[in-house]
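Next come the chains, spelled out residue by residue.
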Amino acid sequence: MARLPAMPNSLRAPRGTRDILPADRVVWARVEGAARELAARYGYREIETPLFEQSAVFERGVGEVTDIVEKELFRVSPSRGEERERWALRPEATAGIVRAYVEHGLHTLPQPIRLSLVGPMFRYDRPQAGRYRQFWQWDVEAIGDPGPAIDAEIIELGLAFYRATGLVDVEAKLNTIGDAACRPAYVESLRAFYEAHRSGLPEAELRRLGANPLRLLDSKEPALVALNRDAPKLADHLCDPCAEHFSAVLRHLDALGVRYRLAPEIVRGLDYYTRTTFEYFRPGAEGQQDALGGGGRYDGLVELLGGRPTPAIGYALGIDRVVAAVQALEANASETTGGATGAAPAGPLAVVVGADPADTVTRLTLATELRAAGLPARADLTTRKLGKQLESAARDGAHFAAILGDGGDGQIQLRDLPAGTQRAVPAADVVRELERAARTHRHGTDAG
Ligand code: AMP
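Below, the structure is looked at part by part.

So, how was this worked out
- Residues numbered from 1 in each chain as written.
- Predicted model: local features only at pLDDT ≥ 70, side-chain atom pairs only at ≥ 80, totals over all residues.
- Heavy atoms only, no water.
- Axes fitted to C-alpha atoms, helices over the stretch in contact; angles between N-to-C directions.
- Helix = DSSP H or I, 4+ residues; strand = E, 2+ residues; numbered from the N terminus.
- Left-handed = near helix turned anticlockwise from the far one by under 90°.
- Contact = heavy atoms within 4.5 Å.
- Nonpolar A, V, L, I, M, F, W, Y, C, P; charged D, E, K, R; others polar.
- Near = heavy atom within 4 Å.
- Polar contact = N/O pair within 3.5 Å; in protein donor to acceptor, adjacent residues only side chain to side chain.
- Areas by Shrake-Rupley, 256 points an atom, 1.4 Å probe, with all protein chains shown as cover.
- Core = buried A, V, L, I, M, F, W, Y, C linked by side-chain atoms within 4.5 Å.
- Buried < 20%, exposed > 50% of the residue type's maximum accessible area, 1.4 Å probe, protein only.

Looking now at the packing of helix H1 (residues 22-42) against helix H5 (residues 149-165). Interhelical geometry of H1 versus H5 gives an angle of 145° and a closest axis separation of 9 Å. Pair H1 / H5 crosses with right-handed handedness. For the pair H1 and H5, the contacting residues are Val31, Ala34, Ala35, Leu38 and Tyr42 in the first and Glu153, Glu156, Leu157, Ala160, Phe161, Ala164 and Thr165 in the second. Its residues assigned to classes, the contact of H1 with H5 shows 9 nonpolar, 1 polar and 2 charged.

Right under this line is the structure:
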């Protein structure tokens, strides 16, 4: 939609954010609806957490030496009173959900507890295609089950979601990053490897090397991408329990017929992951900005946030990128079929219009009656002429116009706007007539 040229920049939506206008919201609602429906079907119950938390929740729960906390945390600093606290907008859902799990003692409920959250996340990153400062994720977490079967359940759930949205070619890339028993030795061999190549490492990566050499494995720096091909592989350093866990995850996935690819570069950006890690991609779209989602096991996080040691696994799927892919797919399909496939926002079943422009009382009253009967209806509440009211109702996609005459004959003209036909019905029968029309309308047999 065209922007007002006179609008000053200072009033526009902030960089990296977007308005989702009604025409696009239809696709969003469909995608979110698929997530919610699957969450319910798989027994993942909805949870909501605050959009902001004390920064410490993310500093601890995501990890201090991560891009998310180092560079992208959207800090909030209110300027008044109590608000000396340090807050940040949530960059992801897991830390907040685990904070809630600990704070409310959810370990006393039957375990594992399966949770689902669809909502906006915030990262103060450089905005670019597919990377926003406010974006949406569908997050699921299963807390209190060491796996491996639940690892497979969650990986398969993600794929079921992409399939439900029409993205049937999405694949899971899968890895394991070991645990506290075997990862330290691996991290040391990784450190030694990078130390031997120190001269080729950019400044920022050198700093990371001190804190967490694992982070260099998924670096976007071209020099590192090349170097990483020769880096030691965790698969060669796994302890027996981690190796068994991973092979059991694969066994469950094989039994489910899930397609996956082993991908040693999937180490995830967050410190708290253990064992299973995975990301979702479409073949051919596998760059950093293309990941459609990712997740993993985080057996240490509950304890890190003050709970007792509790195993857990979850994922976060990027809704924005799924919507973009679905819209691209539908645009392609409509190009090849020559028709539109995307559903427009549904218009009302009926708009109440009237020959007496000033009589908004009768129009509003009838519309309210129709709505009380469960019918999607509205009245034209302006005082423009009948012709203009009808024109506007048709443009809005209304199926019927209920036309109030100016005589007191108790008759209402019911006009089928697309068909251009019209008949008189007694005012007392309008609700019944429209209910009948709504039924046939819904069943797609309204042509006659
Ligand atoms: P992450 O936890 O960073 O792996 O994020 C999980 C998923 O969320 C990614 O695979 C993306 O699909 C999506 N995502 C992450 N950051 C952004 C962003 N800044 N803008 C849009 N989508 C994002």
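After that view, the rundown keeps rolling.
Before going further, it helps to examine the site of the ligand. Surrounding the ligand, one finds 13 residues, the nearest of these being Arg123, Tyr132, Arg268, Ala291 and Gly293. Separating an oxygen atom of the ligand from a side-chain N or O atom of glutamine 137 is a distance of 3.0 Å. At 3.0 Å, a backbone N or O of glycine 293 approaches an oxygen atom of the ligand. Considering the ligand on its own, with 480 Å² of exposed area, one finds that the protein chains cover 91% of that surface. Only strand E6 (134-143) and strand E11 (312-318) provide two or more residues apiece to the shell around the ligand. Of the residues in the shell around the ligand, the class split is 5 nonpolar, 4 polar and 4 charged.

Attention shifts here to the nonpolar core. Trp138, Phe161, Tyr162, Tyr280 and Tyr315 are the most contacted members of the largest nonpolar core, which totals 42 residues. Within the residue set of this core, elements represented by two or more residues are H1, E6, H5, strand E7 (171-176), helix H10 (240-256), strand E9 (274-281), E11 and helix H12 (319-337). For this core, the leading source of residues is H5, giving 9 residues. Apart from the residues lying within four places of it in its own chain, the contact partners of tyrosine 315 are Trp138, Asp139, Val140, Glu141, Ile154, Leu157, Gly158, Phe278, Tyr280, Gly294 and Gly295. Ranked by size, the runner-up nonpolar core spans 40 residues in total, among them Ala93, Cys182, Leu190 and Tyr194.

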